[in-house]
Amino acid sequence: MYDVKSNLKRVLADLPQGVRLVAISKYHPNEYIESAYEEGHRIFGESHEQELRQKVETLPKDIQWHFIGHLQTNKVKYIAPYITMIEAVDTLKLLKEIDKQAAKNERVIDVLLELHIAEEETKYGLTPDACRQLLADGEWRALEHVRICGLMMMASFVDDEQQIRSEFRIARNLFDELKALYFADKDYFCERSWGMSHDYPIAVEEGSTMVRVGTSIFGPRVY
Ligand SMILES: *Cc1c(COP(=O)(O)O)cnc(C)c1O
């Protein structure tokens, strides 16, 4: 088995105080998660509802699960009872559904808005302007069972460090802009979720508060 414990320690040693690690365990078996858990790690990220459901049923209850993938609105009800954070909210429709299901569970669910800045084509994520527009529209203010805690993004999957860095900076600047406009008095709007295995050291330099690292801890995924 991959040496999860020493990999975890190595990644954690790279993170300055105030930057948290979401260990991305998608496609990895329970034993890998348990290994990190034994080291004291509690925050894990998954991107498929069914896989997450199976893990939640069989793993310790004090794990804090982050949903990091694209979430269909019809799946929200399954994770609403227990999810700690939904990181990839990119439509008002999804935000409203999370609010509705959180209310049913008498909870407030923390979410991040997902930005699309990278060059790769994807259907998911808000462009900076779409993100501005969503907040300017103001409908989100009526949603009392969700808390928008910050932004999430993935940089382009390239070797060019300058490009990666400049994408993180776009996200950082947008975070500061939105914080000032809408969340200046909201301490909970503080999360900047960027940085994966190949770019988390750069992300940390560019103001990440939360890195999402899978491969560097658990090894390559077997799909
Ligand atoms: C899979 C995934 C990660 C982790 O990627 P690694 O390269 O394995 O560290 C981070 N964020 C998101 C959104 C992912 O889907």
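Just so it is clear, the structure is predicted and the values come from calculations on it, not from any experiment.

Trainee: Provide a residue-level description of the packing of helix H6 (residues 128-137) against helix H7 (residues 161-182), including the pertinent values.
Mentor: Packing of H6 against H7 brings their axes to within 11 Å, and their N-to-C directions diverge by 15 degrees. In this view, H6 runs roughly parallel relative to H7, as classed from their interaxial angle. When you trace H6 past H7, the crossing you get is right-handed. Contacts between H6 and H7 involve Pro 128, Cys 131, Arg 132, Leu 135 and Ala 136 from the first element and Ile 170, Leu 174, Glu 177, Leu 178 and Tyr 182 from the second. Residue classes in the contact of H6 with H7 are distributed as eight nonpolar, no polar and two charged.

Trainee: Summarise the pairing of strand E2 (residues 43-46); cite the residues concerned and give the values.
Mentor: The two faces of E2 match: Ile 43 and Gly 45 on one face and Phe 44 and Glu 46 on the other face are all buried. As for the winding sense of the linkage, the β-α-β connection from strand E1 (residues 20-24) through helix H2 (residues 30-38) to E2 is right-handed. In the sheet, E2 pairs with strand E3 (residues 64-67) via four bridges, with the strands oriented parallel. Residue pairing for E3: Phe 44 is matched across the bridge by Trp 65. With helix H3 (residues 49-58) bridging E2 and the parallel E3, this β-α-β connection has right-handed handedness.

Trainee: So, the site of the ligand: which residues are in play, and what are the values?
Mentor: Around the ligand, the neighbouring residues are Ile 24, Lys 26, Ile 68, Met 152, Met 154, Met 196, Ser 197, Arg 212, Val 213, Gly 214, Thr 215 and Arg 221. At a separation of 2.6 Å, an oxygen atom of the ligand approaches a polar side-chain atom of Lys 26. Within the backbone of Gly 214, one N or O atom sits 2.8 Å away from an oxygen atom of the ligand. When grouped by side-chain class, the residues that make up the shell around the ligand number six nonpolar, three polar and three charged.

Trainee: With reference to specific residues and values, describe the packing of aromatic side chains.
Mentor: Under the criterion given, the structure shown has nine aromatic pairs. With a centroid separation of 4.0 Å and an interplanar angle of 0 degrees, the aromatic rings of Phe 183 and Phe 189 are classed as stacked. For the pair shown, Phe 183 and Phe 189 are each scored as buried. Each residue in the set Trp 140, Phe 175, Tyr 182, Phe 183 and Phe 189 is aromatic and connected to the rest through ring pairs, giving one cluster. Against the face of Tyr 78 rests Arg 53, its NZ or CZ located 4.7 Å from the ring centre. Directly above the aromatic system of Phe 175 lies the positively charged group of Arg 192, at a separation of 4.7 Å from the ring centroid.

Trainee: Describe in detail the pattern of salt bridges, supporting the description with residues and values.
Mentor: In this structure the tally under the stated criterion is 17 salt bridges. A salt bridge links Lys 5 to Glu 38, with the shortest nitrogen-to-oxygen separation between them at 2.6 Å. Residue Lys 5 is located in helix H1 (residues 4-14), and its partner Glu 38 is located in helix H2; the two are separated by 33 residues in the primary sequence. In this structure Lys 5 comes out as partly exposed when scored by relative accessible area, which is 26%. Among the ionic pairs, Glu 191 bridges to Arg 20, the shortest N-O distance being 3.0 Å. Residue Glu 191 is located in strand E7 (residues 191-193), and its partner Arg 20 is located in strand E1; the two are separated by 171 residues in the primary sequence. Looking at Glu 191, the relative accessible area reads 10%, which means it is buried. Since its relative accessible area comes to 33%, Arg 20 is described here as partly exposed. Members of the salt-bridge network, linked through shared partners, are Glu 161, Arg 165, Arg 169, Glu 205 and Glu 206.

Calculation criteria
- Residues numbered from 1 in each chain as written.
- Predicted model: local features only at pLDDT ≥ 70, side-chain atom pairs only at ≥ 80, totals over all residues.
- Heavy atoms only, no water.
- Axes fitted to C-alpha atoms, helices over the stretch in contact; angles between N-to-C directions.
- Helix = DSSP H or I, 4+ residues; strand = E, 2+ residues; numbered from the N terminus.
- Parallel < 35°, antiparallel > 145°, perpendicular 65-115°, else oblique.
- Left-handed = near helix turned anticlockwise from the far one by under 90°.
- Contact = heavy atoms within 4.5 Å.
- Nonpolar A, V, L, I, M, F, W, Y, C, P; charged D, E, K, R; others polar.
- Buried < 20%, exposed > 50% of the residue type's maximum accessible area, 1.4 Å probe, protein only.
- Right-handed = clockwise from strand over helix to strand, strands pointing away.
- Pairing = 2+ DSSP bridges.
- Near = heavy atom within 4 Å.
- Polar contact = N/O pair within 3.5 Å; in protein donor to acceptor, adjacent residues only side chain to side chain.
- Phe/Tyr/Trp six-rings, centres within 6.5 Å; stacked < 30°, edge-to-face > 60°.
- Lys NZ or Arg CZ within 6 Å of the ring centre and 35° of its normal.
- Salt bridge = Lys/Arg side-chain N within 4 Å of Asp/Glu carboxyl O.

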